[in-house]
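Architecture and fold: a report
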Amino acid sequence: MTAARRVIVVGAGPGGLAAAARLRERGAGGVAVTLVSPGLRAAFLAGTLDVALGDAEPSAFAARVALAGVECVAGEVTAVAPDGVELAAGRMHADAVIAAPGLAVDEESVPASWRRVAAVWDPDAAGRLRDRVLTPRAGRVVVAVCGVPYRCPPAPLALAVALADRHREARHQVRVTVTTPEPVPLAGVGGEAPALVSDACTAAGVTLERGFAPDLGASEDGVLRSTDGREIAYEGALLVPLHRRPRCLASLPGEGPMVAVGERGSVDGSLLYVVGDAAATGLPRAAGVARASAVAAADQVLERLGVVAAPAQEPIEASCFMFHHGGALSRIRVRYVGGAASIATDGPSLDLWPAREGELRRFLEAAGAALPG
Ligand SMILES: Cc1cc2nc3c(=O)[nH]c(=O)nc-3n(C[C@H](O)[C@H](O)[C@H](O)COP(=O)(O)OP(=O)(O)OC[C@H]3O[C@@H](n4cnc5c(N)ncnc54)[C@H](O)[C@@H]3O)c2cc1C
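A brief look at the structure comes next. The structure presented is a predicted model; accordingly, all values stated were derived computationally and were not measured. (Residues numbered from 1 in each chain as written. Predicted model: local features only at pLDDT ≥ 70, side-chain atom pairs only at ≥ 80, totals over all residues. Heavy atoms only, no water.)

Focus on the site of the ligand
Under the convention used in this document: We call a residue near a molecule or strand as soon as one heavy atom of that residue lies within 4 Å of the molecule or strand. We define a polar contact as two N or O atoms separated by no more than 3.5 Å, with the added condition that, inside protein, one atom must be a possible hydrogen donor and the other a possible acceptor, whereas residues neighbouring each other in sequence contribute only through side-chain atom pairs. Only the protein chains shown count as covering a residue, and every accessible area follows the Shrake-Rupley method with a 1.4 Å probe. Note on conventions: DSSP H or I runs of at least 4 residues are helices, E runs of at least 2 residues are strands, and numbering of each starts at the N terminus. Each residue is assigned to one of three groups, with Ala, Val, Leu, Ile, Met, Phe, Trp, Tyr, Cys and Pro labelled nonpolar, Asp, Glu, Lys and Arg labelled charged, and all others, Gly among them, labelled polar. The start and end points of each domain follow an automatic or database-based domain assignment.
Near the ligand, the surroundings consist of 33 residues, among which Gly 15, Arg 151, Asp 277, Ala 287 and Ser 319 are the closest. Asp 277 is positioned with one of its side-chain polar atoms (N or O) 2.8 Å from an oxygen atom of the ligand. For the ligand, an oxygen atom lies 3.4 Å from a polar atom in the backbone of Arg 285. A total of 990 Å² of accessible area belongs to the ligand in isolation, and the protein chains cover 89% of it. Counting only elements with at least two residues in the shell around the ligand, the list comes to α1 (14–26), β2 (31–37), α7 (287–304) and β22 (316–323). Residue classes in the shell around the ligand are distributed as 19 nonpolar, 10 polar and four charged. Each of two domains, domain 1 (5–103 + 245–313) and domain 2 (106–243), supplies a minimum of three residues to the shell around the ligand.

Below is the structure:
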């Protein structure tokens, strides 16, 4: 009998959880799967909006990772290679590695002394600093995207629309502005998406500043300036910080935050795969994309290790939600098959809230559900 091959999965986001589940399901008996993630705490990032709006606490969007049939190890990986990973506790060897550590955000690019600014883009940080956009009673509140790429293209605009409603309901004299460096937000998604999000801002009385690249060096606490000389004075601001490459992927190929990958996420054709937000694929930074790319990588790893042949690649599907004035939602669905993209939108409708809640349920179940067998 040959010993089972070992595959290490890095990260417990949608990508890492999907990779571990797929390896466990299709590779049972042929591979031993280890998942490594800090504190084994899985966080549902879309909950950032609910937390920033004061509608929920960060704990509603977190689960402890417990996957039956998968060795779950709490730890922070410092480097990845095809034959294993480095941890503070030492090196862990493997026959293949699938890394899905997401993207890091550079919260320190904004001075900590700026008391009116929350530079946050995850539920925990939003919980600590949300008062900065919720407490102003008058003046301007800004949601500003510091640079591209950033996670979930419609999310800053959705947050701005909901913040405007929130302040209006409370009879505050607050106006909301959202800024993005993109000339047209969601142009990369295409279809009806760009018009849908910009119309939602207009209907909610939110000012949308396009092509606004923040110049943080020239800005100050209370005034945001752009590299082309525009200036917005504010009482409170939520800045979506610059995204950067996680340190554990520092030595891998590719410019900027994302790693250059080949077929199904392989790095230089090796048995190291990078999937999800950290992989430069030209697809949006979205949970469905992370899940699908992780499943494809797991299938290929199993084939290359001689465990089971890879099936045809499944379509890649992702859904993002836009908030509208009055509390309705619309859903932007993207589907990629064989390199061709199709875009569909649903709503706006109040009936889409269960679909958004379903995404959270699905994530929490993926983090903690016992797998068959
Ligand atoms: C505000 C917001 C709203 C969003 N809304 C939507 C939406 O509506 N629909 C949608 O599809 N997507 C949405 N997204 C995007 C979606 O959350 C991401 O695309 C998705 O989480 C990417 O999955 P991932 O597995 O690549 O990375 P992540 O979810 O970032 O997970 C990375 C994991 O790796 C771990 N990790 C990091 N570094 C290390 C290390 N060194 N060692 C070990 N583990 C490590 C982390 O702790 C984490 O568990 C949203 C994102 C944000 C921020």
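Now that the structure has been shown, we can carry on.
Focus on the environment of Gly 191
Applied cut-off: With a 1.4 Å probe rolled over the protein chains alone, any residue whose accessible area is under 20% of its type maximum counts as buried; one over 50% counts as exposed, and the rest are partly exposed.
Topologically, Gly 191 is positioned in the loop between β13 (173–179) and α6 (193–203). For Gly 191, a relative accessible area of 65% puts it in the exposed group. Once the C-alpha coordinates of Gly 191 and Ile 343 are considered, the two residues, 152 residues apart in sequence, prove to be 5.8 Å apart.

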